[in-house]
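Take a look at the letters that make up each chain.
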Amino acid sequence: MTLNQIRAFIAVAQEGGFTAAARTLGMSHSTLNSQIQMMEREYGAELFHRRGRRVELSALGLEMLPLARRMIALEGDMSSLLDDSGKLRHGSLKVGAVGPFHVTEMIEAYHAVHPRIKISITLGNSEVILDALDKYVSDVGVLASRFPDERYYTQLYAQYPVIVFVHVDHPFAKRKSIALKELSGQPLLMREPASTTRKALEDALIAQGVTVQVAMEIGSREALREAVARGLGIGTVSQSEYVPDPRLRPVRIEGDVVSTHIHVCCLRERRESRLISSFFDAIDARLQARGGSIPSLASSALR
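Residues numbered from 1 in each chain as written. Predicted model: local features only at pLDDT ≥ 70, side-chain atom pairs only at ≥ 80, totals over all residues. Heavy atoms only, no water.

Q: What is the right way to look at a nonpolar patch on the surface in this model?
A: Taken together, the side chains of Met-1, Leu-3, Tyr-43 and Met-71 make up a nonpolar region of the molecular surface, amounting to roughly 380 Å² of accessible area. Here Met-71 is to be found in helix 4 (residues 59-86). Relative accessible area serves as the criterion here: at 38%, Met-71 is assigned to the partly exposed category. (Patch = residues over 30% accessible without salt bridge, like charges linked within 9 Å, V, L, I, M, F, W, Y side chains within 5 Å. Areas by Shrake-Rupley, 256 points an atom, 1.4 Å probe, with all protein chains shown as cover. Salt bridge = Lys/Arg side-chain N within 4 Å of Asp/Glu carboxyl O. Helix = DSSP H or I, 4+ residues; strand = E, 2+ residues; numbered from the N terminus. Buried < 20%, exposed > 50% of the residue type's maximum accessible area, 1.4 Å probe, protein only.)

Structure follows, in structure tokens:
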């Protein structure tokens, strides 16, 4: 049974005949008749009693008519829903992010343009975010690194230096900056191996031939910050995500040799989705409003 057959059935029932129904639907009498006959043959049912040029609904046809009208009404509701979604008057966007700072700024820009779209945000490390994209749990991901995988469409949004932060009584606390090599021999508190901030630091250490002591691995920014505040070691964080604390002091790494790059990504096959494209359009507009440059925090902004 097709929607065209259901429309034909309703038209014949309303008009009381095939000729008038065919005229209403803008089709030939023979085409309309074949639609009804195909439906009757398929189910071995009689929907109309034919009395010359006039037809009357059978008992089965009378039972079917309200159901048929309901189906056509539901089709109209579905069309309206899809039309609203395509025009971004309705829908939901699921965003996964490695941290709250960058994604909050993006959501602010998006909501200003599309206030009727419901947005949900999930936080996690890069592996979690990419897995959510792969499983269609998230539509868009905000990551601190670009992953060279053809499955994903990736766009750079911002670049930020990675800084050191220490307890206020640590010798580094009195300095504005340190060289990367000075981390050698210091007890470093590191995020889990999947952390992109950790990966960026490790790559820079290898490049400069610096060996460090990892005193502890801690799986969250908040717990790592507390560990540093209790004097258990030195932490590193993207400057944009550093949270001021009277117990802590941020310290620049000379030359900004370690940095994170904030990217927005989605599955490449979904890039042309109207909803997902609208998110990229919104962040592009935010960048253009800044003069088209990639946001970057200057190290002089450290306090």
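Still more ground to cover, so stick around.
Q: In this structure, what is going on with unusual backbone geometry? I would like to understand it.
A: Excluding glycine, a negative phi dihedral is what most residues carry, and trans is how most peptide bonds are arranged. A positive phi is found at Tyr-136, a non-glycine position, where the angle reads about 65°. Tracing the sequence through the fold places Tyr-136 in the loop between helix 6 (126-134) and strand 5 (140-143). For Tyr-136, a relative accessible area of 41% corresponds to the partly exposed category. Unusually for a residue other than glycine, Asp-256 sits at a positive phi of about 50°. Of note, Asp-256 is situated in the loop between strand 11 (248-253) and strand 12 (259-267).

Q: Please clarify how the packing of helix 1 (residues 3-15) against helix 2 (residues 18-25) should be interpreted in this entry.
A: A packed helix pair is summarised by two numbers, namely the angle formed by the two axes and the spacing between the axes. Relative orientation of the contacting elements helix 1 and helix 2 amounts to 125°, with a least axis distance of 8 Å. Taken together, the axes of helix 1 and helix 2 lie oblique to each other. Note on packing geometry: the crossing formed by helix 1 with helix 2 is right-handed. On helix 2, the residues touching Arg-7, Ala-8, Ala-11, Val-12 and Glu-15 of helix 1 are Phe-18, Ala-20, Ala-21, Thr-24 and Leu-25. Here the residues of the contact of helix 1 with helix 2 sort into seven nonpolar, one polar and two charged. (Axes fitted to C-alpha atoms, helices over the stretch in contact; angles between N-to-C directions. Parallel < 35°, antiparallel > 145°, perpendicular 65-115°, else oblique. Left-handed = near helix turned anticlockwise from the far one by under 90°. Contact = heavy atoms within 4.5 Å. Nonpolar A, V, L, I, M, F, W, Y, C, P; charged D, E, K, R; others polar.)

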